[in-house]
Amino acid sequence: MSELRWDPVNREWVITATHRQNRTFKPPKDYCPLCPTKEGGFPTEVPEDYDLVVFQNKFPSLQANPPEPDIGGSVLYPVDKAEGICEVVLFTPEHNGIMSREPLSRYVKLVKVWQDRYQELGSKDFIDYVFIFENKGEEVGVTLEHPHGQIYAYPFIPPKIKRELDSSREHYEREGECLFCSLIAEEIADGRRVVTSNDSFTAIVPFFARYTYEVHIYANNHLSSFNNFSAREIEDLAEILRTVIQKYDNLFGFVFPYIMAIHQQPTDGSGEEYSHFHIEFYPPYRTKDKLKYLAGSEAGAGAYINNSLPEDKAEELRKIEPVKE
């Protein structure tokens, strides 16, 4: 069962998906549903060997043909079908693959896959936003170790994305420039929070970082979505993405967990002038052996507390060599 339930207090949809309680949870070491099926072995999600692959999530929160809601709504509590699409993206056939050690060519292929899925899913009339993300590491709740990401194609614009787009739209109407163009121009001019950059993208620890090693990658020019990417920008995004992940893995000497989220233009046709392509990383580690947990102020009030200075952490990451030895 899955359905959308409206929260009138926070003015946002909540997805109720009870069948996900039964999704695969830390399978035995000798069986990974995301590896290619081995001859004579248990069948997996992918029957043949692959390079990168995309398939529909077996336990989707959103469905192209969703069931009727399990409960009737009211004026205060509207209910709707959980219409949408959920996909899984496998980055490599190697179960123990480490992305920071993969060649640049794999990252280029991955960016092209993301671009293809954004365009294909976004072309469907019931999809308003295509959200591409990765949950990496047991520390953020990952239960399948195989390197992979996910794509949720929503029938609405998710609340965090909508809030940032509303801010950017208001800035655009007031200043004649998207908020993110102003932000990245100021970060480049200041320089203290820049981690790395190339011709098309700049990675920073944002001025307002909520996590100790939070990094955002912004397009240097106004690119609203993957639709605006040239071949050069695909290469440059792959290069800076790889560099950031290598720096993360070299920071403390272990594969660094994080949540990665790609923000770009909604696919409902709105926001081209003020949507600005960027990637946000939220790593849970605040030191080599300490995790940041969302406690009362963050989870209960929405007010984040960062125990470090973004300028100091940007300098620390800037000095980290990106290449694995």
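Residues numbered from 1 in each chain as written. Predicted model: local features only at pLDDT ≥ 70, side-chain atom pairs only at ≥ 80, totals over all residues. Heavy atoms only, no water.

A. Here's a closer look at the overall build of the protein. Along the backbone of the protein there are six helices and 14 strands. Computed over the C-alpha atoms, the radius of gyration of the protein is 20 Å, within 12% of the 20 Å expected from 2.2 N^0.38 for a compact globule of 325 residues. Over its C-alpha atoms, taken along the principal directions, the protein stretches across nearly 55 × 55 × 45 Å. A total of 325 residues make up the protein; the buried ones form 48% of that total. For the protein, contacts bridging at least 24 residues in sequence account for 66% of all contacts bridging at least 6. On the protein, roughly 16,200 Å² of surface is accessible, and the fraction owed to carbon and sulfur atoms is 48%. If the 35 positive side-chain charges of the protein are averaged to one point and the 52 negative ones to another, these points end up 5 Å apart. (Helix = DSSP H or I, 4+ residues; strand = E, 2+ residues; numbered from the N terminus. Rg over C-alpha atoms; globule rule 2.2 N^0.38 Å. Buried < 20%, exposed > 50% of the residue type's maximum accessible area, 1.4 Å probe, protein only. Contact = heavy atoms within 4.5 Å. Areas by Shrake-Rupley, 256 points an atom, 1.4 Å probe, with all protein chains shown as cover. Lys, Arg positive; Asp, Glu negative; His and termini not counted. Charge placed at Lys NZ, Arg CZ, Asp CG, Glu CD.)

B. Seen up close, the side chain of Glu187. By the secondary structure assignment, Glu187 is in helix H3 (residues 179–190). Relative accessible area serves as the criterion here: at 4%, Glu187 is assigned to the buried category. When sequence neighbours within four positions are dropped, the list of residues in contact with Glu187 reads Arg193, Val194, Ile204, Pro206 and Phe207.

C. Summary view of the state of the cysteines. For the structure shown, the criterion picks out zero disulfides. Its sulfur unpaired, Cys35 is 3.7 Å from the next cysteine sulfur, which belongs to Cys32. Judged by its relative accessible area of 12%, Cys35 falls in the buried class. The cysteine Cys178 is free of any disulfide, with Cys181 supplying the nearest cysteine sulfur at 3.4 Å. On the basis of relative accessible area, Cys178 is assigned to the buried category, the value being 2%. (Disulfide = S-S within 2.5 Å.)

D. Focus on the packing of helix H1 (residues 104–122) against helix H4 (residues 231–251). Axis separation between H1 and H4 bottoms out at 8 Å; the angle between their running directions is 120°. In this view, H1 runs oblique relative to H4, as classed from their interaxial angle. The element H1 and its partner H4 pack so that their crossing is right-handed. Together, Leu104, Tyr107, Val108, Val111, Lys112, Trp114 and Gln115 of H1 and Ile234, Glu235, Leu237, Ala238, Glu239, Leu241, Arg242 and Ile245 of H4 make up the contact between the two elements. (Axes fitted to C-alpha atoms, helices over the stretch in contact; angles between N-to-C directions. Parallel < 35°, antiparallel > 145°, perpendicular 65-115°, else oblique. Left-handed = near helix turned anticlockwise from the far one by under 90°.)

E. Structural detail: the environment of Arg286. Its place among the elements puts Arg286 in strand E13 (residues 285–287). Considered as a pair, Arg286 and Pro93 are 193 residues apart in the sequence and their alpha carbons are 31 Å apart. At 3.2 Å, the side chain of Arg286 and the backbone oxygen of Leu291 are in polar contact. (Polar contact = N/O pair within 3.5 Å; in protein donor to acceptor, adjacent residues only side chain to side chain.)

F. Representation of the sheet that holds strand E1 (residues 2–7). Taken together, the three strands give an open sheet; going across it, the order is E2-E1-E4, and neighbouring strands pair in antiparallel fashion. The open sheet has two edge strands with one neighbour each: strand E2 (12–17) and strand E4 (79–81). Looking at each pair of strands side by side, their axes are set apart by 30° on average, direction ignored. Across six bridges, the pairing between E1 and E2 is antiparallel. Considered in E2, the bridge of Arg5 is made with Val14. (Pairing = 2+ DSSP bridges.)

G. Inspection of the environment of Glu239 at higher detail. Note that Glu239 resides in helix H4. Its relative accessible area of 30% is what places Glu239 among the partly exposed residues. In the structure, Glu239 is positioned 112 residues away from Ile127 in sequence and 30 Å away in space, judged by C-alpha atoms. Not counting residues within four places of it along the chain, the set of residues in contact with Glu239 comprises Leu104 and Asn198.

H. Summary view of the packing of aromatic side chains. Under the definition given, this model contains 27 aromatic pairs. Between the aromatic rings of Tyr211 and Tyr304, the centroid separation amounts to 6.0 Å while the plane-to-plane angle is 55°, which identifies the pairing as tilted. One end of the pair, Tyr211, is in the loop between strand E9 (201–204) and strand E10 (215–219); the other, Tyr304, is in the loop between helix H5 (296–301) and helix H6 (310–319), with 93 residues separating them in the sequence. Judged by its relative accessible area of 13%, Tyr211 falls in the buried class. Judged by relative accessible area, Tyr304 falls into the partly exposed class, the value being 34%. A ring pair is formed by Tyr213 and Phe252, whose centres lie 5.7 Å apart and whose planes are at 85°; its orientation type is edge-to-face. Separated by 39 residues along the polypeptide, Tyr213 in the loop between E9 and E10 and Phe252 in the loop between H4 and strand E11 (258–263) bring together distant segments of the chain. (Phe/Tyr/Trp six-rings, centres within 6.5 Å; stacked < 30°, edge-to-face > 60°.)

Interpretation in functional terms is not warranted from these geometric data alone.
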